Amino acid sequence: ALATIIAQALSCFWVIVYFTGKSSNNKLRLKYMKPDLEIVKRVVGLGIPDSTLQITNSLLNTVLNRSLLFYGGDLAVSVMGVINSIAALLLLPVVGLRQGLQPIISFNYGAKKYSRVKQALKLGLIIATCIVIVSYTITRVFPGQLIGLFNREEEMISFGIEAMKAWFLLLPVVGIQIIGSSFFQAIGRFKIASFLTLTRQLILLIPAVIIFPRIWGLKGLIHTAPFADFFSFLLTSSWLIIWLKFKSFDQDKS
């Protein structure tokens, strides 16, 4: 807890120093701190998808850990804790890509540079897919070594390999879901972005975590992720295709 607080404080200090220093073109000044309701509404709208995702992640972890404890005991809880940590590391580049892509799409969409919007989206989808394919390959080739970074007990590595292969079964499509949902957030379509962001965790994964193990036991539980990944990918990609195909963009602003 102390390490987290110190890290957050240092990050905050670094940001303040940057935006009050010579390097920044947009300075932090008290006279600019007066709230503007319209700007506040848009900022809140932009933040809703990410904030709701954090809330649902907490809910998902609670439901998942209870199910893991019931159907697999402490071993299953420990293994999934390791797998979630590995997933966070493997998807970190995609999260960074999404954060870097959003302001580019937002700026060009606002400037009516729609060809640039489509180009940025296309590149983002391609790069994100390449990243998750590499990550998927790593989980297939070195599953035991990845688990062994956290715990070298034979029983944990054995179950960890099985659980990792099941949990990451459809990892190659996750990049499209992440970039696709963030695209709608970047162009100001907050409701669509929130819905697509919540699809995997809240609408698909949590119900699957509750239902699947009652039918297939622990094996069903570790296969809930590919189920959610597939249908959230299907929904996001379909929505993206329909939007790009039928949404009438004006010609680029000269």
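In short, a report on the structure. Residue positions within a chain follow its written sequence, with the count starting from 1. Given that the model is predicted, a residue must reach a pLDDT of at least 70 before its local features are reported, and side-chain atom pairs must reach 80 or more before they are shown or counted; all residues, however, enter totals for whole chains, interfaces and linings. Here the side-chain values reflect all heavy atoms present in the structure, with hydrogen atoms and water set aside.

**Regarding the packing of helix α6 (residues 174–186) against helix α8 (residues 224–246)**
Next, step 1: Whenever a helix is involved, its axis is fitted only over the stretch in contact; in every case the axis is a line through C-alpha atoms, and angles between N-to-C directions fall within 0 to 180 degrees. In DSSP terms, a helix is any run of H or I states spanning at least four residues, a strand is any run of E spanning at least two, and both are numbered starting from the N terminus. With their axes 9 Å apart at the nearest point, α6 and α8 run at an angle of 45° to one another. Our classification of the angle between α6 and α8 gives oblique. Classified by chirality, the crossing of α8 by α6 is left-handed. Only Asp229, Ser232, Phe233, Thr236, Ser237, Trp239, Leu240, Trp243 and Leu244 of α8 make contact with α6, whose side of the interface consists of Val174, Ile176, Gln177, Gly180, Ser181, Phe183 and Phe184.
Next, step 2: Residues belonging to the contact of α6 with α8 are distributed by class as follows: nine nonpolar, six polar and one charged. Each angle gets one of four labels, with under 35 degrees taken as roughly parallel, over 145 as roughly antiparallel, 65 to 115 as roughly perpendicular, and the rest as oblique. By the definition used in this description, the sense in which the near helix is turned from the far one sets the handedness, with an anticlockwise turn below a right angle giving left-handed and a clockwise turn giving right-handed. Whether two residues are in contact is decided by their heavy atoms, any of which lying within 4.5 Å being enough. When residues are sorted by character, Ala, Val, Leu, Ile, Met, Phe, Trp, Tyr, Cys and Pro go into the nonpolar class, Asp, Glu, Lys and Arg into the charged class, and all the rest, Gly among them, into the polar class.

**Remarks on the side chain of Arg200**
Next, step 1: Tracing the backbone through its elements, the reader meets Arg200 in helix α7 (residues 190–222).
Next, step 2: Polar contacts here mean pairs of N or O atoms no more than 3.5 Å apart (in protein, one a potential hydrogen donor and the other a potential acceptor; neighbouring residues in sequence count only if both atoms are side-chain atoms). There is a polar contact of 2.4 Å between the side chain of Arg200 and the side chain of Asp229.
Next, step 3: Each residue touching Arg200, except ones within four places of it in the same chain, is listed here: Leu205, Ala225, Ala228, Asp229 and Ser232.

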